[in-house]
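Structural description and commentary
What follows is each chain in one-letter form.
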Amino acid sequence: MSDYTRAQQCAVAIAEVFRGDGEILVSPIGNLPMLGARLAKLTFEPELMMTDGVAMLVDTCQPVGGAPGPEPVVEGYMPYRQIFELISNGKRHVMMGATQIDRYGNQNIACIGDFEKPKAQLLGMRGAPGNTINHTTSYWVPNQSAKVFVEKVDVASGVGYDSAEKLGNGARFHEIRNVVSNLGVFDFGGPDHAMRLVSTHTGVTVDDVVAAASFELVVDDVQETRAPTADELEVLKQLDPNGVASKEVPG
Amino acid sequence: MDKRTTEKEVVAELRDGMTIGIGGWGSRRKPMSIVREIIRSDLKDLTIVSYGGPDVGLLCATGKVKKVIYGFVSLDSIPLEPHFRIARQTASIEAVELDEGMFQWGLIAAAHRLPFLPTRAGLGSDIEKYNPDIKTVKSPYADGETFLAMPALDLDVALIHMNRGDERGNGQFLGPDFFFDDLYCYAAKRRFMSVEKIVPTKDLLNEGSFHTLKINRTMVDGVIEAPNGAHFTECPPDYNRDEAFQKAYAATAKDPDVWAEFKKTYLDTASEAEYQEAVKNR
């Protein structure tokens, strides 16, 4: 038994995705991405900027799941209109979810099935096309399976490397940095920017990860995802006093 | 000029097949009292242009809509709008699904009376595949870059909701985010604004700083005083979203009998006043 949970290790892996980002807006969508981004800000990446989810830039890191936290310190105003400007300007790293994602990082949050008459209408395109073509994007997948890591997405909302390649210079701001799932961490360092398994979380084997993907993952030098440090575990307890993250990723 | 009017008078101006832009965002500051009046009317085949929330869901569920142009349709605290999902999954509406930023660009183009604006948003995604009418354009300058040419989202009518206004059509937002409501007005031929409260012009600055006076009277043809008019969407600082009501609304998508009951109680009301009374008495 390790002295940390899978969710805590995922939070650390997500925090690592933002390492080196400095003075940009991070937009983590979902509880685990929020936890990871706030962990990064409170430890090794203090210049990161975040919104309160409404219209303020806040310099404080609130706990996830609505637990009480420090009095928010507002450092700026960021309504949707300014977010859209900032997206085009590129000083942002978003971590979105993905109902489906393929080997080149094409992401689907729009709908499942035929677009004209979908089996399941999901969120819609939202900001995924504009995010991915304009600035760094990463993805969080809380329940990796062969139904999520698919050979081909039903609808491409987020732009993958194969589509970006065709755009040439027009895609020069496109970067999909990482995918973090409940099983491991991935980048797009394979041939032609194919998705590559970088590390597996504690207790997960490479075979587990490969079995939870419909496409062939690039697997060469796979590490174990690093464990949270004692300091990080302390920060995570403050950021998630009610264990919200463990409800999303058990174990 | 006194531009005060009513939901009924506004809806009497609308015609089948019109393109109607609805301000707000998701389940936030939507001109719901006007939406409810549209539901009471015989209007049909509307094209709705919206950062969609229950405005889109309700209009779809009541058969008013031919086409929806949107970046998303969400109830915020309930991420997926259930009645909109039914409309999509039964293909009862035509869907033009855009990136949120493209959508704004289309409104800006229309507001500036331009046929299109270039953007990178949408390139490389499936938006081009599902919208073959949206073309690309090559930069005429040395860079020669190819952009998506987002067409103007020209509107017949814009409907918005503000916190305060005066009888001449000046509007004031007091919440955290104005969204894109000015662009809807500039993009439309006819513009109608509901407000929580009409105040004398000289009192507008008592309500909030000059930064909040974002709608001026060139942008508005009619103003409706509609207290609680954005219900059940939020309208801060006047009121929060009515989460219990929204939850009940969302649940109606699961059961036709529950929907029929909801419709009878709240939508088949004779007037906005009767709706507000039904909400109060629940």
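How each quantity is defined
- Residues numbered from 1 in each chain as written.
- Chains lettered and ligands numbered in written order.
- Predicted model: local features only at pLDDT ≥ 70, side-chain atom pairs only at ≥ 80, totals over all residues.
- Heavy atoms only, no water.
- Helix = DSSP H or I, 4+ residues; strand = E, 2+ residues; numbered from the N terminus.
- Rg over C-alpha atoms; globule rule 2.2 N^0.38 Å.
- Buried < 20%, exposed > 50% of the residue type's maximum accessible area, 1.4 Å probe, protein only.
- Contact = heavy atoms within 4.5 Å.
- Areas by Shrake-Rupley, 256 points an atom, 1.4 Å probe, with all protein chains shown as cover.
- Lys, Arg positive; Asp, Glu negative; His and termini not counted.
- Charge placed at Lys NZ, Arg CZ, Asp CG, Glu CD.
- Core = buried A, V, L, I, M, F, W, Y, C linked by side-chain atoms within 4.5 Å.
- Domains from an automatic or database assignment.
- Salt bridge = Lys/Arg side-chain N within 4 Å of Asp/Glu carboxyl O.
- Buried area = accessible area lost by both parts, 1.4 Å probe.
- Polar contact = N/O pair within 3.5 Å; in protein donor to acceptor, adjacent residues only side chain to side chain.
- Pairing = 2+ DSSP bridges.
- Axes fitted to C-alpha atoms, helices over the stretch in contact; angles between N-to-C directions.

1. Let's talk about the overall build of chain B
Looking only at helices and strands, chain B features 11 helices and 11 strands. The C-alpha radius of gyration computed for chain B amounts to 19 Å, which stays within 12% of the reference 19 Å derived for 282 residues, consistent with globular compactness. Reported as C-alpha extents along the three principal axes, the dimensions of chain B are approximately 65 × 50 × 35 Å. Looking at chain B residue by residue over its 282 residues, the buried ones come to 61%. Long-range contacts, defined as pairs at least 24 residues apart, comprise 74% of the intrachain contacts of chain B with a sequence gap of at least 6. Summed over all atoms, the accessible surface of chain B reaches about 11300 Å², with 52% contributed by carbon and sulfur. With 36 positive and 43 negative side-chain charges, chain B shows a separation of 2 Å between the mean positions of the two kinds.

2. Things to note about the nonpolar core
Residues and elements named next belong to chain B. Formed by 57 residues in total, the largest nonpolar core has its most connected members in Leu98, Phe103, Leu107, Phe180, Tyr184 and Ile215. In terms of residues, this core owes the most to one element, helix H5 (residues 100-111), which gives seven residues. Here this core spans two domains, and each of domain 1 (7-101 + 155-280) and domain 2 (116-151) adds at least three residues to it. Non-local contacts of Ile215, meaning those with residues more than four positions away in its chain, are made with Ile160, Met162, Gly169, Asn170, Gly171, Phe178, Asp181, Asp182, Cys185, Met193 and Val220. Core analysis: the second largest hydrophobic core is formed by 43 residues, Ile20, Leu58, Phe232 and Phe262 among them.

3. Some words on the environment of Ile176(A)
All names here are of chain A. Structurally, Ile176 is set in strand S11 (residues 175-181). Each C-alpha atom of the pair Ile176 and Ala55 lies 26 Å from the other, and the pair is 121 residues apart in sequence. Apart from residues no more than four positions distant in its own chain, Ile176 is found in contact with Tyr104, Gly105, Thr137, Tyr139, Val159, Gly160, Tyr161 and Phe188.

4. Brief notes about the pattern of salt bridges
For the structure shown, the criterion picks out 34 salt bridges over all chains. Salt-bridge contacts for Arg226(A) lead to Glu16(A); the nearest nitrogen and oxygen are separated by 2.8 Å. Note that Arg226(A) is positioned in the loop between strand S14 (223-224) and helix H7 (230-239) and Glu16(A) in helix H1 (residues 6-17), a separation of 210 residues in sequence. Under the relative-accessibility criterion, Glu16(A) is labelled partly exposed at 26%. Linking Arg126(A) and Glu100(B) is a salt bridge whose minimum nitrogen-to-oxygen distance equals 2.7 Å. In this pair, Arg126(A) is assigned in the loop between strand S9 (117-121) and helix H4 (128-134) and Glu100(B) in helix H5, connecting two distinct chains. One network of salt bridges, in which partners are shared, links Arg28(B), Asp76(B), Glu234(B), Arg241(B) and Glu243(B).

5. With respect to the interface of chain A and chain B
Taken together, the contact pairs 37 residues of chain A with 41 residues of chain B. Summed over both sides, the interface of chain A with chain B buries roughly 3300 Å², with 54% coming from carbon and sulfur. Together, Arg81(A), Gln121(A) and Arg126(A) form the three largest contributors to the area buried by chain A at its contact with chain B, with a combined 23%. With a closest N to O distance of 3.0 Å, Glu145(B) and Arg172(A) form a salt bridge.

6. Quick look at the environment of Pro72(A)
Residue and element names in this part refer to chain A. Tracing the chain through its elements places Pro72 in the loop between strand S3 (56-58) and strand S4 (74-77). Under the relative-accessibility criterion, Pro72 is labelled partly exposed at 42%. Taking the C-alpha atoms as reference points, Pro72 and Cys61, 11 residues apart in sequence, are found 7.8 Å from one another. Apart from residues no more than four positions distant in its own chain, Pro72 is found in contact with Val58, Thr60 and Gln62.

7. A word on the domain arrangement of chain B
Residue and element names in this part refer to chain B. Partitioning chain B into structural domains gives domain 1 (7-101 + 155-280) and domain 2 (116-151). Inter-centroid distance (C-alpha atoms) of domain 1 to domain 2 is 30 Å. Residue-level contacts link four residues of domain 1 with five residues of domain 2. Buried area between domain 1 and domain 2, summed over both chains or domains, comes out near 350 Å², and the portion from carbon and sulfur atoms is 68%. Across the domain 1-domain 2 interface, the total number found is zero salt bridges. Put simply, domain 1 and domain 2 have zero residue pairs in polar contact (both at pLDDT 80 or more) between them.

8. Section: the sheet that holds strand S10 (residues 136-141) of chain A
All names here are of chain A. What the seven strands build is an open sheet, ordered S1-S5-S10-S11-S12-S13-S14; its pairing is mixed. In this open sheet, the two strands that pair with only one neighbour each are strand S1 (25-28) and S14. Packed on one face of the sheet, H1 meets strand S5 (92-97), S10, S11 and strand S12 (184-187) and runs near 175° to S11. Across the sheet, helix H2 (residues 31-42) is in contact with S1, S5 and S10; its angle to S1 comes to roughly 150°.

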